[in-house]
Amino acid sequence: MNYLAVCLNKILEVVVTILVAALVFVVLWGVLSRFVINVPSRWTEELATQILAWISMLGAAVVFRRHEHLGVDYFFNKWDPQARRINEIIIQLAILVFASGVMIWGGGCLAWATWNSGQITPALGFRSGLVYLCVPLSGLCIAVFAIDEIGKIITKPGEEW
C-alpha cells in the first residue's frame, strides 16, 4: 500500500502544480483581455472558479498526506506513547469514515446527479458535474492515505512513539 500512496501523492502534486500554473495563466489572461485589449474573455472567470475548486480539493489530499493540515498537538505530545498510538489510529479511522461517507459517497452522488441533470456551464459548455467530480476523487485519495497511515502506525515500533 505504501508504494501506491507514494505514487498517488506524486501524481497529485504534479496535477496540483499544473492546475496552479493554469490558474495563474487564466487569471492573467482575464485581466489582460479586460484591461489591456478591452475585449473581456467570458470564459476566464468560470474556468478560474472551476480550477480553484480542483486545486482546493486535490490540494487538501496532498496536505493530508504530508501531515501539514491543521492540528493541535500540544496535549497529544504530552500523552504516553501507547495512548498517542491508539489516538492516532482512532483519528485515522475517523478520517477514513468521513472521506468514504461524505466525500466519496456523498460527493459521488452529487457529481453523478449534476452530471446526469444535463446542466452545462454558461461560458465553457462543460457539464456541471465535472466541477463536483473533484470531491469524490479527493476523498478517494484521502482514504488511501488514511489506510496507508494506519498501516504505518500499526507497524511502527513502540519506542518510536
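See the structure shown above.
This text gives an overview of the structure that appears in the document.

Quick notes on the rules
- Residues numbered from 1 in each chain as written.
- Predicted model: local features only at pLDDT ≥ 70, side-chain atom pairs only at ≥ 80, totals over all residues.
- Heavy atoms only, no water.
- Helix = DSSP H or I, 4+ residues; strand = E, 2+ residues; numbered from the N terminus.
- Rg over C-alpha atoms; globule rule 2.2 N^0.38 Å.
- Buried < 20%, exposed > 50% of the residue type's maximum accessible area, 1.4 Å probe, protein only.
- Contact = heavy atoms within 4.5 Å.
- Areas by Shrake-Rupley, 256 points an atom, 1.4 Å probe, with all protein chains shown as cover.
- Lys, Arg positive; Asp, Glu negative; His and termini not counted.
- Charge placed at Lys NZ, Arg CZ, Asp CG, Glu CD.
- Core = buried A, V, L, I, M, F, W, Y, C linked by side-chain atoms within 4.5 Å.
- Salt bridge = Lys/Arg side-chain N within 4 Å of Asp/Glu carboxyl O.
- Patch = residues over 30% accessible without salt bridge, like charges linked within 9 Å, V, L, I, M, F, W, Y side chains within 5 Å.
- Expected span 1.5 Å × (residues − 1).
- Bend = angle between axes of the 7 residues up to and from the residue.

What about the overall build of the protein chain?
Consideration 1: When helices and strands are tallied, the protein chain shows five helices and zero strands.
Consideration 2: Over its C-alpha atoms the protein chain spans a radius of gyration of 20 Å, topping by over 25% the 15 Å that the globule rule assigns to 161 residues.
Consideration 3: Each principal axis of the C-alpha distribution contributes one length, and for the protein chain these read about 65 × 35 × 30 Å.
Consideration 4: When each of the 161 residues of the protein chain is scored for burial, the buried share is 34%.
Consideration 5: Taking as baseline every contact in the protein chain between residues at least 6 positions apart, the subset at least 24 positions apart corresponds to 76%.
Consideration 6: Surface exposure of the protein chain reaches about 10100 Å², of which carbon and sulfur atoms provide 71%.
Consideration 7: Here the protein chain contributes 11 positive and 11 negative side-chain charges, whose respective centroids are spaced 6 Å apart.

Let's talk about the nonpolar core
Consideration 1: In this structure, Leu12 and Phe145 are the most contacted members of the largest nonpolar core, which totals 24 residues.
Consideration 2: Those elements that place two or more of their residues in this core are α1 (2-35), α2 (43-66), α3 (81-116) and α5 (134-155).
Consideration 3: Residue contributions to this core peak at eight residues, all from α2.
Consideration 4: The contact partners of phenylalanine 145, leaving out residues within four places of it in the chain, are Ala5, Leu8, Asn9, Leu12, Ala61, Phe64 and Arg65.

Observations regarding the pattern of salt bridges
Consideration 1: Under the criterion given, the structure shown has four salt bridges.
Consideration 2: Residues glutamate 13 and arginine 66 are paired through a salt bridge, measuring 3.0 Å at the closest nitrogen-oxygen approach. In this pair, glutamate 13 sits in helix α1 while arginine 66 sits in helix α2, placing the two residues 53 residues apart along the sequence.
Consideration 3: Taking relative accessible area as the criterion, arginine 66 reaches 43% and is therefore assigned partly exposed.
Consideration 4: Close ionic contact of aspartate 148 with lysine 152 constitutes a salt bridge, the shortest N to O distance being 3.7 Å. Of the two residues, aspartate 148 and lysine 152 both sit in helix α5, four residues apart, roughly one turn of that helix.
Consideration 5: On the basis of relative accessible area, lysine 152 is assigned to the partly exposed category, the value being 33%.
Consideration 6: Overlapping salt bridges, with partners in common, bring together Glu13, Arg66 and Glu68 in one network.

A word on the environment of glycine 139
Consideration 1: Position of glycine 139 among the secondary structure elements: in helix α5.
Consideration 2: By relative accessible area, which is 0% here, glycine 139 ends up buried.
Consideration 3: Not counting the four nearest positions on each side in its chain, glycine 139 is found in contact with Ala99, Met103 and Ile104.

Focus on a nonpolar patch on the surface
Consideration 1: Together, Phe25, Val27, Leu28, Trp29, Val31, Leu32, Phe35, Val36, Ile37 and Val39 make up a nonpolar patch on the protein surface, roughly 970 Å² of accessible area in all.
Consideration 2: Looking at the secondary structure, you find valine 36 in the loop between α1 and α2.

Re the environment of cysteine 141
Consideration 1: Its location among the elements puts cysteine 141 in helix α5.
Consideration 2: Residue classification places cysteine 141 among the buried positions, given a relative accessible area of 5%.
Consideration 3: For the pair cysteine 141 and methionine 103, spaced 38 residues apart in the sequence, the C-alpha separation amounts to 10 Å.
Consideration 4: In this structure cysteine 141 touches Leu8, Leu12 and Ala61, once residues within four positions along its chain are discounted.

Observations regarding α3
Consideration 1: Between the first and last C-alpha of α3 there are 50 Å, a value that for 36 residues agrees with the 52 Å anticipated at 1.5 Å per step.
Consideration 2: Along its length, α3 reaches its greatest deviation from straightness, about 30°, at alanine 99.
Consideration 3: Within the sequence span of α3, burial applies to Arg84, Arg85, Glu88, Gln92, Leu96, Ala99, Met103, Gly107, Ala111 and Thr114.
Consideration 4: Where the residues of α3 are buried, they touch α2, α4 (129-132) and α5.

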